[in-house]
Protein chains: 2
Amino acid sequence: MAIEKKIDCVILGLLSHEDLTGYEIKKRMDTFLKYFWGASYGSIYPALSDLVKRGLAGKRDGAENNRRKIIYSITEEGRSYLKEWLRIPVEKDELRYETLLKLFFGNEAGVLQAISHIDAFEEKIKSELPYLIGAADTLKNHIEMDDTHKYYLLTVEFGIKTYRAYLEWCKEAKAMLEKE
Amino acid sequence: MAIEKKIDCVILGLLSHEDLTGYEIKKRMDTFLKYFWGASYGSIYPALSDLVKRGLAGKRDGAENNRRKIIYSITEEGRSYLKEWLRIPVEKDELRYETLLKLFFGNEAGVLQAISHIDAFEEKIKSELPYLIGAADTLKNHIEMDDTHKYYLLTVEFGIKTYRAYLEWCKEAKAMLEKE
DNA sequence: TGACGAATGTATCAGTTTGATATATATTTA
DNA sequence: TAAATATATATCAAACTGATACATTCGTCA
């Protein structure tokens, strides 16, 4: 049972908590996983069909009124597959920060442009940080209710810690660039 | 002059500093850019051919002895293209941390596995941090020599700041998981 | 000296994923 | 009631990765 595509693992992970439609899976990713993972419809829907074909997920019709809806659930085989993936070591963690890339080549464009990219980055982080802090508070209040919350909180705390480090860096980086 | 592929911009950025072969471009990425960007040969070589075709880069034969070697350089058009990309706002910064993904679904696998993933992450960061600190020291000593060093230093400082935040988080996360 | 592994160098390809788009219906808002 | 937004599935070209193939040269240890 070799683990291949990450998209399969993420979907199974989400399905291990609750039954979901493809649309809902995308939604969960865009909220809960947003800060460290992402996936597009172009990978989600084909992966769902494939998971069903391989017996790792089941599908059922959940249509209401005229709205078609396919609800997916994890099978026992799917749960084993997920557990196996969770067991094996992490293959790759990666950062793809265009901001840092533009900064690296900053000499070509000059100090002012570099600062404006840092400003934009800082604004984005500042605007997202309160959401993370809010999520952490909510999770802390519900930590006894459900063990999964403990793990969500861990990832949110990661976000908060790194975001605060980013903000410190923004300040220092701008100070360094302005020092002339 | 719409900007399309990121790989073109990274290559032009590297070529804006010095003439390079495809192999050397890959090398530069794997050392200087490693902590916030990456690219494979499968994107580099086709992109180089394409850049030449579009007049953004020039190529010349640099063979020595029996070793074939194609040296690429940036053209004036290439430099304009790079400058335009550096000018426009950053489209996307993204984190893809498999460690956090596995942690998010940690409830399925249990505390011990979660801790072992954090341990592995911590080890990796601890082993890479001295390299970043060394690079920062070297850059600080040469900062007067070359203006580009100032921008390199910025990205290295980003790495150091975030790595230290990661290590703090590792400690706290493990403490939280062990508290039972 | 010679053998063997590591580094230099170019190149391609199957498979994975993104980003955009198409289509259709339901719900909310003005 | 019209328009905008949300729910829902689906596909596709284009981008990119990871692996691999191939050839040569350099370094080093015996």
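Here the structure is a predicted model, which is why all the values come from computation and not from measurement. (Residues numbered from 1 in each chain as written. Chains lettered and ligands numbered in written order. Predicted model: local features only at pLDDT ≥ 70, side-chain atom pairs only at ≥ 80, totals over all residues. Heavy atoms only, no water.)

Student: Explain the domain arrangement of chain A to me, using residue names and the numbers behind them.
Tutor: All names here are of chain A. As assigned here, chain A comprises domain 1 (6–87) and domain 2 (98–178). Computed over C-alpha atoms, the centres of domain 1 and domain 2 are 29 Å apart. Taken together, the contact between domain 1 and domain 2 spans five residues of the former and seven residues of the latter. Buried surface at the junction of domain 1 and domain 2, both sides included, amounts to about 500 Å², of which 64% is carbon and sulfur. By the criterion of area lost to domain 2, the three top residues of domain 1 are His17, Tyr35 and Phe36, representing 81% of everything that side buries. For the interface between domain 1 and domain 2, the tally reads zero salt bridges. Joining domain 1 to domain 2, the criterion identifies one residue pair in polar contact (both at pLDDT 80 or more). Considering only residue class, the side of domain 1 that touches domain 2 consists of two nonpolar, two polar and one charged. (Domains from an automatic or database assignment. Contact = heavy atoms within 4.5 Å. Buried area = accessible area lost by both parts, 1.4 Å probe. Salt bridge = Lys/Arg side-chain N within 4 Å of Asp/Glu carboxyl O. Polar contact = N/O pair within 3.5 Å; in protein donor to acceptor, adjacent residues only side chain to side chain. Nonpolar A, V, L, I, M, F, W, Y, C, P; charged D, E, K, R; others polar.)

Student: How would you summarise the protein's contact with DNA strand C if you had to cite specific residues and measurements?
Tutor: Among the 25 residues in the neighbourhood of DNA strand C, the closest are listed as A:Asn66, A:Arg67, B:Lys27, B:Ile70 and B:Lys92. The sugar-phosphate portion of DNA strand C accounts for 65% of its atoms within 4 Å of the protein, the bases making up the rest. Note that a phosphate oxygen of DNA strand C is positioned 3.0 Å from one of the backbone N or O atoms of B:Tyr23. Within the backbone of B:Ile70, a nitrogen or oxygen atom sits 2.7 Å from a phosphate oxygen of DNA strand C. Of all elements in the fold, only α1 (6–15) and α3 (41–53) of chain A together with α2 (22–33) and α3 (41–53) of chain B reach the threshold of two or more residues within the surface near DNA strand C. Of the residues forming the surface near DNA strand C, the biggest block, four residues, is contributed by α2(B). Among the residues making up the surface near DNA strand C, the classes are represented as six nonpolar, nine polar and ten charged. (Near = heavy atom within 4 Å. Helix = DSSP H or I, 4+ residues; strand = E, 2+ residues; numbered from the N terminus.)

Student: Account for the relation of the copies chain B and chain A, with residues named and values stated.
Tutor: Overlaying chain B with chain A gives an RMSD of 0.0 Å, the required rotation being 180° about an axis along which the chain moves by 0.0 Å. When the rotation and shift are considered jointly, the pair of chain copies conforms to a two-fold rotation axis. Relative to the rotation axis, the closest C-alpha in chain B is found at B:Leu95, a distance of 2.3 Å. In this assembly, 100% of the residues forming the interface of chain B have copies in chain A that are likewise at the interface, indicating an isologous arrangement. (Least-squares fit on C-alpha atoms with pLDDT ≥ 70 in both.)

Student: So what's going on with the packing of aromatic side chains? Residues and values would help.
Tutor: Taken as a whole and judged by the stated rule, the model has 32 aromatic pairs over all chains. Seen from their ring centres, A:Phe104 and B:Phe36 are 6.2 Å apart, and the 50° between their planes marks the pair as tilted. In this pair, A:Phe104 sits in helix α5 (residues 98–104) while B:Phe36 sits in the loop between α2 and α3, so the two residues belong to two different chains. On the accessibility criterion, A:Phe104 (2% relative accessible area) is buried. For the ring pair A:Tyr152 and B:Phe104, a centre distance of 4.3 Å and an interplane angle of 15° mean the geometry is stacked. Of this pair, A:Tyr152 sits in helix α7 (residues 148–178) while B:Phe104 sits in helix α5 (residues 98–104), on two different chains. Taken together, the aromatic side chains of A:Tyr35, A:Tyr97, A:Phe121, A:Tyr131, A:Tyr163, A:Tyr166, A:Trp169 and B:Phe158 make up a single cluster linked through ring pairs. Taking NZ or CZ as reference, A:Lys26 lies 5.7 Å from the ring centre of A:Tyr41, over its face. The ring of A:Trp37 carries the charged tip of B:Arg96 above its face, separated from the ring centre by 4.4 Å. (Phe/Tyr/Trp six-rings, centres within 6.5 Å; stacked < 30°, edge-to-face > 60°. Buried < 20%, exposed > 50% of the residue type's maximum accessible area, 1.4 Å probe, protein only. Lys NZ or Arg CZ within 6 Å of the ring centre and 35° of its normal.)

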